[in-house]
Amino acid sequence: MMKMVLASKNAHKLTEMSAILSQLGIQVVLESDVGVDVDVEETGTTFEENAALKAVAVMKACGLPAIADDSGLCVTALGGGPGVYSARYGGERLSDRDRYQLVLNGLSGQLDRSAKFVSAICCAFPSGGMVTARGECPGLITYSPRGEDGFGYDPVFLVPEKKKTFAEMSAQEKNAISHRGVALQNFKVELEKYLQG
Ligand code: IMP
C-alpha cells in the first residue's frame, strides 16, 4: 500500500482525502504520524503554486510522497479577491465572521454578486514528479449570512441550484458539489493516470 503524507494538521481534511484515495489503495497519514512538522509560508500568487509549495516542503522533510491543498473564495466584483488571501483577509486577528462581513461590506451596492470557491490539490513525489488538480464551485454572495454549519465564508456563499448557502448544507451535501470535493475527484483521476505511468 502506498503511503502519502498530508501537508496539514487538519484531521478533518485527512478523513476527506482518505475516503477518496483509499479507493486507489493509498493510505493517507498526517505529518505528525511521520514525525515532521513543517511550517510553509504561502507566498504563491495562485492556489496551485501554494499547494505545490506545501507539498514539496513536506515531501522533502519526510522523503515520502506528500499531498497539500490550497483553497479560497474569489469574488468577481472584488477583482477575484480575497482569493489566495482568503484565510488572512483583513488581517490575521479577524474571526471568520469579521472576514465574511468584510466581503459583504465590499459588495455593498454592488449588483454583481458572482463568486466561486476554488481548490487546488498537489502531490509531490520524491522522484520529482508532481500531480495537480483543481476544482471550482460557482455561486453568489448573499446580502446577509444564512445557516449555522460549515466554516469560513460558508454563510455568505449561495449555491443557486440548491437555494442554500454552504452553511445550510450537510457535510455530505456540500462535499458532493464543493470546490474541494470536485478537486479531489479530479485529483483521483489524474493520480491514477500518473501511477499507471
Ligand atoms: P487554506 O487552508 O490555506 O486552503 O485556506 C483556505 C481559506 O479559504 C479558509 O481559511 C477559508 O477562509 C476559505 N475557504 C476555503 N474553503 C472554504 C469552504 O469550503 N468554506 C468556507 N471557506 C472556505
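Above this text you will find the structure in question.
Residues numbered from 1 in each chain as written. Predicted model: local features only at pLDDT ≥ 70, side-chain atom pairs only at ≥ 80, totals over all residues. Heavy atoms only, no water.

Draft legend 1. Examining the overall build of the chain more closely. A tally of helices and strands in the chain yields five helices and eight strands. Along the chain direction, N to C, the helices and strands of the chain fall in the order β-α-β-α-β-β-α-β-β-β-β-α-α. Relative to the globule expectation of 16 Å for 197 residues, the C-alpha radius of gyration of the chain, 17 Å, shows essentially globular dimensions. Dimensions of the chain, computed from C-alpha atoms along their principal axes, come out at roughly 50 × 30 × 25 Å. Expressed as a percentage of its 197 residues, the buried residues of the chain come to 44%. Once local pairs closer than 6 in sequence are excluded, the contacts in the chain between residues at least 24 apart make up 58%. Counting every atom, the chain has about 9,800 Å² of accessible surface; 51% of that belongs to carbon and sulfur. (Helix = DSSP H or I, 4+ residues; strand = E, 2+ residues; numbered from the N terminus. Rg over C-alpha atoms; globule rule 2.2 N^0.38 Å. Buried < 20%, exposed > 50% of the residue type's maximum accessible area, 1.4 Å probe, protein only. Contact = heavy atoms within 4.5 Å. Areas by Shrake-Rupley, 256 points an atom, 1.4 Å probe, with all protein chains shown as cover.)

Draft legend 2. Region of interest: the side chain of Ser86. Among the secondary structure elements, Ser86 is positioned in the loop between β4 (81–82) and α3 (96–106). Here the side chain of Ser86 touches Gly83 through a polar contact of 2.6 Å, landing on its backbone oxygen. With residues near it in sequence (within four places) discarded, Ser86 still touches Gly72, Leu73, Arg99 and Tyr153. (Polar contact = N/O pair within 3.5 Å; in protein donor to acceptor, adjacent residues only side chain to side chain.)

Draft legend 3. Representation of helix α1 (residues 11–21) within the structure. When α1 is considered as a whole, its buried residues turn out to be Leu14, Glu16, Met17, Ile20 and Leu21. Taken down its axis, α1 places every buried residue within 165° of arc, on the same side. In α1, the exposed residues that point more than 90 degrees away from the buried face are His12 and Thr15. On its buried face, α1 sits against β1 (2–6), β2 (26–30), β3 (66–75), β5 (114–124), α4 (171–177) and α5 (179–195). With a side-chain oxygen positioned 2.8 Å from the backbone nitrogen of His12, the residue opening α1 is Asn10. (Arc of directions from axis to C-beta.)

Draft legend 4. Representation of the site of the ligand in the model. Neighbouring residues of the ligand: 16 residues in total, closest Ser71, Asp154, Lys174, His179 and Arg180. Between the ligand and Tyr153 there is a distance of 3.2 Å, counted from a nitrogen atom to a backbone nitrogen or oxygen. Burial of the ligand by the protein amounts to 87% of the accessible area it has alone, namely 490 Å². Among the elements of the structure, β3 and α5 are those that each provide at least two residues to the shell around the ligand. If one sorts the elements of the shell around the ligand by residue count, β3 sits on top with three residues. (Near = heavy atom within 4 Å.)

Draft legend 5. Region of interest: α5. Here α5 is 17 residues long and its end C-alpha atoms lie 24 Å apart, about the 24 Å a rise of 1.5 Å per residue gives. Every buried residue of α5 is listed here: His179, Arg180, Gly181, Ala183, Leu184, Phe187, Lys188 and Leu191. The positive-phi residue at the C-terminal boundary of α5 is Gly197, with phi of around 70°. (Expected span 1.5 Å × (residues − 1).)

That is the geometry; function is a separate question.
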